[in-house]
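So you can see what is in the structure, the chains are spelled out below.
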Amino acid sequence: MVAIKATRLSKRYNTVVALDRIDLTVNKGETFGFLGPNGAGKSTFINILLDLVKPSDGEVSILGNNCQDEGVKVRNKIGVLPEGYSVFDRLTGRQHIEYAIRSKDADDNPIEILDRVGIREAADRKASEYSKGMAQRLVLGMALVGSPELLVLDEPTSGLDPNGAAEMRDILREENERGATIFFSSHILEQVEAVCDRVGILQNGELVTVDTITNLRSSLGGGTKLLIETGTDVNGSLDTVRGLSDVETAIENDETIEVTCTDDAKMDVIVALHDAGVDVVNFRTEEASLEDMFVEYTAGGQ
Amino acid sequence: MWRIIATQDGHLTVGSRSVKFLISVLAFGVLLLGYLYPIQGTNPTTTAHFTGFVTEWITLVTPVIGILLGYNAVVSERESGSLKLSLVLPHSRKDILLGKLLGRTVPLVTGLGAALILAGALVVYPFGELLLLNFAVFVLVAICYAILWVSIGLAVSISVSSKRRALVSGFAIPTVFVYGLHTIERAVRVGLSSTGVTSGELPLGVQFVFGMTPGRGFTRVVDGLTDPAVSVDGPWYLSEWTGLLAIGIWTVVPLGVGYRRFKRSDLH
């Protein structure tokens, strides 16, 4: 069963292409991470899901209902934590949750929800006095109202301290275990790595890849990162390294060269640098993290 | 679902001190006139004649209050981002519009209606005469006039994306169509006669345009339908019935145009 299905979804603002023919299917029950640097188009995609923004082309449906033509029906089935919101000035935290409960015709207990997101003691304070982190928890609480089939969360951990982010991940896990599909965007990779079944990487409005984290790792050919300290300037020798087979990327960073390559290519890299007259002071290897894959995918687009 | 928005918004509107103050000013003025009219007014003292007495106050004060209630109803939430919290719930943009319209008109209509009925009582007691039907029509038309201005304010609020723009256009409209109308009319008359197009009187088409502004329309309806002692002279297109039409058009058309814009716009 399909939770989200986008077909050639595009959005143009005058001459700027914010989303370029996105084809994406998110299955029911999975936790899907939508990854990309700021400005890649993640929020535009999510705003179209919520019918806050109209697509220029293509279409997208949630649980079988078109997001634009049947928006109210769609939003009845989903819980949403949008970005760039602000809480209602004169309402308390509890009144916010009650508003969501009335709007969804649900029968949740507001205090139980506030307790779950960790702001029970602030229930009767005006939400405008909340910190950014508390507001984020409050709106997550609104999203949880009515046990929705799908949670759509735009940068859910923004404004949260590390503890808060961990609690957020716990809630997402619980919701997923209950059977909910989770779709969330992030530019912070460890968040995605920790909870996602699959990730999609968005870059300059294009969906560069969609895969499981395991597959992403193995597609890196063993996924080794080589950190080489050099005493001197490397000048043109980076291009030599990039020219080697089995080398994915090579970046110079403060007299250190970072190379991602297959395990077998490590020695070739060192030799090539030596031949080019670069002093190799020291070198070590690391397993490629999602961060490296991310850099690789997104830097490749530029 | 618009009921939920209306309830929510109505609570917030009634809770606001500036709204309470403005509606109180309107109501107090109406009551004061209701008290003064039997003392000051010419005989006989009737509720029908009272309508002419109170119309000017309503014509002048209601536009400001209606616009103030309406102009920031949606745009302030749009600018701050709290509109998103409503729109990601199962509410359509039409729900937002209807809910806000209701949430903002109910406090004004209640205040104005109650004040008019109390003022009517002051007129009738002890020596006045009540013309029930005429007075009921008057209260109804006054309420429609109040709704008209909230509707225009709301139309502005959903058409623009910043509060500043809403404020400017929100107050430009009553300035042109109510408070400055007389001046504009005089300028047009002088302009037309000095260029030799007309001699003094405004051309019929221009008279019609001026006559179809909200305040003029409202005044004609009050004169023609609520006070048997007064009648509306002039051609058919300046009758009380075109006045009713003007009220209808101004209530529905700007809001409809605004809604079309709002429905299509991207809310970031």
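Residues numbered from 1 in each chain as written. Chains lettered and ligands numbered in written order. Predicted model: local features only at pLDDT ≥ 70, side-chain atom pairs only at ≥ 80, totals over all residues. Heavy atoms only, no water.

Draft legend 1. Main features of the overall build of chain B. Check the secondary structure of chain B and you find 12 helices and 0 strands. Counted from the first residue to the last, chain B has its helices and strands arranged as α-α-α-α-α-α-α-α-α-α-α-α. The C-alpha radius of gyration of chain B comes to 20 Å, within 12% of the 18 Å expected for a compact globule of 268 residues. The C-alpha extent of chain B, read off along each of the three principal axes, is 60 × 55 × 25 Å. Residues counted as buried form 51% of the 268 residues belonging to chain B. Across chain B, the fraction of contacts at a sequence separation of at least 24, relative to all contacts at a separation of at least 6, is 78%. Accessible surface computed for chain B: about 12500 Å², of which carbon and sulfur atoms make up 68%. (Helix = DSSP H or I, 4+ residues; strand = E, 2+ residues; numbered from the N terminus. Rg over C-alpha atoms; globule rule 2.2 N^0.38 Å. Buried < 20%, exposed > 50% of the residue type's maximum accessible area, 1.4 Å probe, protein only. Contact = heavy atoms within 4.5 Å. Areas by Shrake-Rupley, 256 points an atom, 1.4 Å probe, with all protein chains shown as cover.)

Draft legend 2. Spatial organisation of the sheet that holds strand β3 (residues 31-35) of chain A. Residues and elements named next belong to chain A. A sheet is described by the order of its strands in space; here 6 strands give the open sequence β6-β7-β8-β3-β9-β10, paired in mixed fashion. Whereas interior strands pair on both sides, the edge strands pair on one side only; in this sheet they are β6 (78-81) and β10 (206-212). Across the sheet, the axes of successive neighbouring strands diverge by a mean angle of 15°, strand direction being ignored. Taken together, the 5 bridges between β3 and strand β8 (residues 181-186) define a ladder with parallel strand orientation. Across the sheet, residue F32 finds its bridge partner in β8, namely F183. Relative to β8, helix α1 (residues 42-49) is tilted by about 145°, and along the sheet it contacts β3, β7 (150-154), β8 and β9 (198-203). (Pairing = 2+ DSSP bridges. Axes fitted to C-alpha atoms, helices over the stretch in contact; angles between N-to-C directions.)

Draft legend 3. Local environment of the environment of L85(B). For L85(B), the location among the structural elements is in helix α5 (residues 82-87). Beyond its immediate sequence surroundings of up to four residues, L85(B) is in contact with P82(A), Y85(A), S86(A), V87(A), F88(A), H96(A), V139(A) and M142(A).

Draft legend 4. Summary view of the packing of aromatic side chains. All names here are of chain B. Summed over the entire model, instances satisfying the criterion amount to 14 aromatic pairs over all chains. When the ring of F177 is compared with that of W250, the centres are 4.8 Å apart and the planes differ by 65°; the resulting orientation is edge-to-face. One end of the pair, F177, is in helix α8 (residues 163-179); the other, W250, is in helix α12 (residues 240-264), and 73 residues separate them in sequence. For F177, a relative accessible area of 27% corresponds to the partly exposed category. (Phe/Tyr/Trp six-rings, centres within 6.5 Å; stacked < 30°, edge-to-face > 60°.)

Draft legend 5. The interface of chain B and chain A, seen in detail. On the side of chain A, 28 residues touch chain B, which itself brings 26 residues to the contact. Between chain B and chain A, roughly 2500 Å² of surface is buried when both sides are summed, and carbon and sulfur atoms account for 59% of that area. At the junction of chain B with chain A, the criterion picks out 2 salt bridges. Note that K84(B) is salt-bridged to E83(A), the shortest N-O span being 3.3 Å. In this structure, the connection of chain B to chain A is made through 14 residue pairs in polar contact (both at pLDDT 80 or more). (Buried area = accessible area lost by both parts, 1.4 Å probe. Salt bridge = Lys/Arg side-chain N within 4 Å of Asp/Glu carboxyl O. Polar contact = N/O pair within 3.5 Å; in protein donor to acceptor, adjacent residues only side chain to side chain.)

Draft legend 6. Summary view of a negative patch on the surface. The grouping of E229(A), D233(A), E252(A), D254(A) and E255(A) at the surface amounts to a negative patch. With respect to the helices, strands and loops of the structure, D254(A) is situated in the loop between β12 (247-253) and β13 (256-261). (Patch = residues over 30% accessible without salt bridge, like charges linked within 9 Å, V, L, I, M, F, W, Y side chains within 5 Å. Lys, Arg positive; Asp, Glu negative; His and termini not counted. Charge placed at Lys NZ, Arg CZ, Asp CG, Glu CD.)

Draft legend 7. Structural detail: the pattern of salt bridges. The final tally for this structure, using the stated rule, is 20 salt bridges over all chains. The shortest N-O distance in the salt bridge between D20(A) and R21(A) comes to 2.7 Å. The closest approach of N and O atoms between D9(B) and K100(B), which form a salt bridge, is 2.8 Å. You can see D9(B) sitting in helix α1 (residues 2-15) and its partner K100(B) sitting in helix α6 (residues 93-124), a full 91 residues away along the chain.

Draft legend 8. View of unusual backbone geometry. Residue and element names in this part refer to chain A. A positive phi is found at R8, a non-glycine position, where the angle reads about 45°. One can find R8 in strand β1 (residues 2-13). Classification of R8 as partly exposed rests on a relative accessible area of 48%. The phi dihedral of N204 is positive, around 50°, even though this residue is not glycine. Position of N204 among the secondary structure elements: in the loop between β9 and β10.

Draft legend 9. Geometry of the nonpolar core. Counting residues in each nonpolar core, the largest one holds 139 residues, and the members touching the most others are F45(A), F183(A) and I58(B). Broken down by element, this core gets its largest block of residues, 16 residues, from helix α7 (residues 132-159) of chain B. Filtering out sequence-adjacent residues up to four positions away, F183(A) remains in contact with I4(A), L24(A), V26(A), F32(A), F34(A), F45(A), I46(A), L49(A), L150(A), L151(A), V152(A) and L153(A). With 15 residues, the next largest nonpolar core counts V234(A), V247(A), V269(A) and I270(A) among its residues. (Core = buried A, V, L, I, M, F, W, Y, C linked by side-chain atoms within 4.5 Å.)

Draft legend 10. Up close: the packing of helix α3 (residues 47-71) of chain B against helix α11 (residues 214-226) of chain B. All names here are of chain B. As a packed pair, α3 and α11 sit with axes 10 Å apart at the nearest point and diverge in direction by 170°. In terms of axis orientation, α3 runs roughly antiparallel to α11. Of the residues in α11, those touching α3 at A48, T51, T55, I58 and T59 are G215, F218, T219, V222 and T226. (Parallel < 35°, antiparallel > 145°, perpendicular 65-115°, else oblique.)

Draft legend 11. Layout of the sheet that holds strand β4 (residues 57-62) of chain A. Residue and element names in this part refer to chain A. Strands sit in the order β2-β1-β4-β5 across an open sheet of 4 strands; the sheet is antiparallel. In the strand order of this sheet, the two ends are held by β2 (16-27) and β5 (65-66), each with one partner. Judged from the 8 bridges that link them, β1 and β2 form a sheet pairing that is antiparallel. Within β2, the residue paired with I4 across the bridge is V26. Each of β1, β2 and β4 is contacted by α1, which is oriented at about 115° to β1, the strand it contacts most.

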